[in-house]
Amino acid sequence: MIQKILIANRGEIAVRVMRTCKEMGIRTVAVYSEADRTSRHVSYADEAVCIGLASSRESYLNAEKIITAAKQFKADAIHPGYGFLSENAGFARRCKEEGIIFIGPSAESIEAMGDKISARRQMIKAKVPVVPGTSEDLKPRDLFRVCRRIGLPVIIKATAGGGGKGMRLVYEEKQLHEAYQAAKSEARASFGNDSIYIEKYIESPHHIEIQFLGDAHGNVIHLFDRECSVQRRHQKIVEESPSPFIDDKTRQAMGAIAVKAAKSVGYVGAGTIEFLVDGDMNFYFLEMNTRLQVEHPVTEEVLGVDLVKEQIHIANGKKLRLRQKHLHQRGHAIECRICAEDPENNFAPSPGIIRHIQTPEGIGVRVDSFIYDGYEIPVYYDSMLGKLIVWATSRIYALERMRRVLYEYKITGVKTNIDYLRRIMDTRDFVKGNYTTHFIEDNSKKLRESAANDNEIEDMAIIAAYIDHIVNSNDAPSSSPADNLPISRWRAFGKQKGVLRI
Ligand code: MV4
């Protein structure tokens, strides 16, 4: 039985994993970079060790330093969190060689799903629906033949891809050759691997994923769906469960396919299969994520399952204790990712010192975070400060709760996307649950409208306009049109809002 776990990560996910370890009576070891000495995951852990310089490559991505730390502190297992080494087959293999349990699937499973073409082939073999396209490195001479077969538009993707890099859309045959060359050189530059493949482009897809768990005895269950279509530049911003789009029949079909997919690769641990779902609810395999994901809490809230606890249970070699027939989605959960970034400056990261935080509390609220008053957000890592998760009995109640929780959350000292998230919660298509992966793009203008349009500030502005009028109406009579005095901006605003008639 695992007694001590080294968490090979930082930030909110390191704290998240340690919380479950604490509940299970498992001791924890934190690793940290020189930039993270004061981070919450360090103070939370039972033991902590500095593993190198601030840059990820010198610390959280350095497999050997982490393995050395695990041996030095006699950790039985390593939990990789998400990002960093979580989907690094070489790291999983090195853990095994050193007799350390890697809390995740085998190196072979990670490898099979890491390469997009190999994942596609595996899924075709398992009779999982994939987007029509190719499943080998695309050669220039096959380009036109393939496109005529599957029909335009097509999307060219990098085999080693991720995050949209090396991806090209093609609507017309004459763009094909250029797009192919561009995708290839971008793939080579980004991944050192210029292998590319091609898929039919699904025009307005939903991005919906199914969580699953597999044990070392060949049992697999699924934990239903998450709707992840609210994304910006391939970064998810808001996730919810259940998806407001798919019907129950599709949900069950996707769950069954996820189980089949996981079984076909002998999957052990927690994983996710991502699907593109078109307007007619046809779903197609996109990729498999062989890690715990950022958005896992919405599944936890709706199912009443601690996924980290189940990961540890599985890593102990035990059989799954959850039964598919006992798992039902109850109520609705929404997650918002809180980031230190400036939505008014193209979402540029906004590192710095947190002056003060007021954290939401009350019924149905969960905050997975790691920041505190006076904490300095380092410039070296992701800008995500944490996640706000709400649960309620229905989607509309969950939405109302999320608005309330975003209202309660106050962070000063750094810029955050909280106002932007508030606007998402008030956007018609989101409220209706009627949105695709184009949601952010389609609503970008409204979502960009600055905080000056928020009600509270507008009320204050109207009051200011009125006071301005009272104070200045004698010496600058705006009723005389002949004067060349610049009109007070407050007065102009008051007129526009209809509170001043002069
Ligand atoms: C697609 C697609 C439509 N059709 N594949 C893949 C990685 C993920 N981050 C986005 N991906 C997509 N794959 C097929 N066959 C649509 C997306 C996609 C997208 C593509 C280009 C630009 C923006 C996008 C936003 C969401 C989804």
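The structure we're discussing is the one just above.
A closer look at the site of the ligand
As a matter of local geometry, the ligand sits amid V131, I155, K157, M167, E199, K200, Y201, I202, H234, L276 and T437. One of the side-chain N or O atoms of K157 is found 2.9 Å from a nitrogen atom in the ligand. At a separation of 2.7 Å, a nitrogen atom of the ligand approaches a polar backbone atom of K200. Relative to its unbound accessible surface of 540 Å², the ligand loses 85% to contact with the protein. Taken together, the elements giving at least two residues each to the shell around the ligand come down to β6 (154-158) and β8 (196-200). Per-class residue counts for the shell around the ligand are six nonpolar, two polar and three charged.

Looking at the environment of V471
Mapped onto the fold, V471 is located in helix α17 (residues 455-472). Residues V471 and A8, spaced 463 residues apart in sequence, show a C-alpha to C-alpha distance of 62 Å.

Examining the packing of helix α5 (residues 107-114) against helix α6 (residues 116-125)
Axes are the key here: two packed helices are described by the angle between their axes and the distance separating the axes. With their axes 5 Å apart at the nearest point, α5 and α6 run at an angle of 100° to one another. Classed by the angle they form, the pair α5 and α6 counts as roughly perpendicular. For the pair α5 and α6, contact is made by E111, A112, M113 and G114 and by K116, S118, A119, Q122 and M123, respectively. In the contact of α5 with α6, the residues fall into four nonpolar, three polar and two charged.

Observations concerning the packing of helix α3 (residues 63-72) against helix α4 (residues 89-97)
Contact geometry for α3 and α4: axes closest at 11 Å, N-to-C directions at 30°. By the angle class used here, α3 and α4 are roughly parallel. For the crossing formed where α3 meets α4, the hand is right-handed. For the pair α3 and α4, contact is made by A63, E64, I66 and I67 and by F91, R94 and C95, respectively.

Re the side chain of E300
Within the secondary structure layout, E300 lies in helix α10 (residues 296-303). Within the local environment of E300, its side chain forms a polar contact with the backbone nitrogen of L307, the two atoms lying 2.7 Å apart. Residues in contact with E300, not counting those within four places in the same chain, are R16, V305, D306, L307, V308 and R366.

Quick notes on α5
Where α5 is concerned, the buried positions are A107, S109, I110 and M113. Summarising the axial view, the buried residues of α5 lie within an arc of 165°, below the 170-degree limit, and thus occupy one face. On its buried face, α5 sits against α4, β5 (101-102), α6 and β13 (283-289).

Considerations on the sheet that holds strand β10 (residues 220-232)
The strand order across the open sheet formed by eight strands is β13-β12-β9-β10-β11-β14-β21-β19, and the pairing between neighbours is antiparallel. Single-partner strands in this sheet number two, and they are β13 and β19 (365-369). The sheet shows a mean angle of 25° between the axes of neighbouring strands, direction not considered. In this structure, strand β14 (residues 332-339) lies alongside strand β21 (residues 384-392), joined through eight bridges in antiparallel fashion. The residue bridging C339 from the neighbouring strand is M384, located in β21. On the sheet, helix α12 (residues 395-408) packs against β11 (235-241), β14, β19 and β21 and is oriented at approximately 140° with respect to β21.

Considering the pattern of salt bridges
Within the structure shown, the criterion is met by 42 salt bridges. A salt bridge links E240 to R395; the nearest nitrogen and oxygen atoms lie 2.7 Å apart. Taken together, the positions of E240 in strand β11 and R395 in helix α12 put the pair 155 residues apart, joining distant regions of the chain. Like R395, E240 is buried. It is possible to trace a salt-bridge network through shared partners that takes in E209, R226, K236, E239, E274, E295 and R337.

Some remarks on the nonpolar core
If you look at the biggest cluster of nonpolar residues, it comprises 37 residues, and the most contacted ones within it are V238, I411 and I424. Secondary-structure elements contributing two or more residues to this core are β11, β14, β21, α12, α13 (418-425) and α15 (439-442). Of all hydrophobic cores here, the second largest spans 32 residues; its members include I26, Y82, F224 and C339.

Comments concerning the sheet that holds strand β2 (residues 27-33)
Reading across from one edge, β3-β2-β1-β4-β5 is the order of the five strands in this open sheet, with parallel pairing throughout. Each edge of the open sheet is held by one strand with a lone partner, namely β3 (47-52) and β5. Note that strand β1 (residues 4-7) and β2 share four bridges and pair parallel. For I7, the partnering residue across the bridge sits in β2 and is A30. Its contacts with the sheet put α3 on β1, β2, β3 and β4 (77-79), and the angle it makes with β3 is roughly 150°.

Topic: the side chain of E341
Take E341: it is sitting in strand β15 (residues 341-342). Of the side chains with opposite charge, R232 lies nearest to the buried E341, which makes no salt bridge, at 5.9 Å. The residues contacting E341, other than those within four sequence positions of it, are F347, A348, P349, S350, S383, K415, T416 and N417.

Considering the environment of I363
With respect to the helices and strands, I363 occurs in the loop between β18 (356-358) and β19. Measuring from C-alpha to C-alpha, the distance between I363 and V390 comes to 8.7 Å, with 27 residues separating the pair along the chain. Apart from residues no more than four positions distant in its own chain, I363 is found in contact with R401 and R404.

Rules used throughout
Residues numbered from 1 in each chain as written. Predicted model: local features only at pLDDT ≥ 70, side-chain atom pairs only at ≥ 80, totals over all residues. Heavy atoms only, no water. Near = heavy atom within 4 Å. Polar contact = N/O pair within 3.5 Å; in protein donor to acceptor, adjacent residues only side chain to side chain. Areas by Shrake-Rupley, 256 points an atom, 1.4 Å probe, with all protein chains shown as cover. Helix = DSSP H or I, 4+ residues; strand = E, 2+ residues; numbered from the N terminus. Nonpolar A, V, L, I, M, F, W, Y, C, P; charged D, E, K, R; others polar. Axes fitted to C-alpha atoms, helices over the stretch in contact; angles between N-to-C directions. Parallel < 35°, antiparallel > 145°, perpendicular 65-115°, else oblique. Contact = heavy atoms within 4.5 Å. Left-handed = near helix turned anticlockwise from the far one by under 90°. Buried < 20%, exposed > 50% of the residue type's maximum accessible area, 1.4 Å probe, protein only. Arc of directions from axis to C-beta. Pairing = 2+ DSSP bridges. Salt bridge = Lys/Arg side-chain N within 4 Å of Asp/Glu carboxyl O. Core = buried A, V, L, I, M, F, W, Y, C linked by side-chain atoms within 4.5 Å. Lys, Arg positive; Asp, Glu negative; His and termini not counted.

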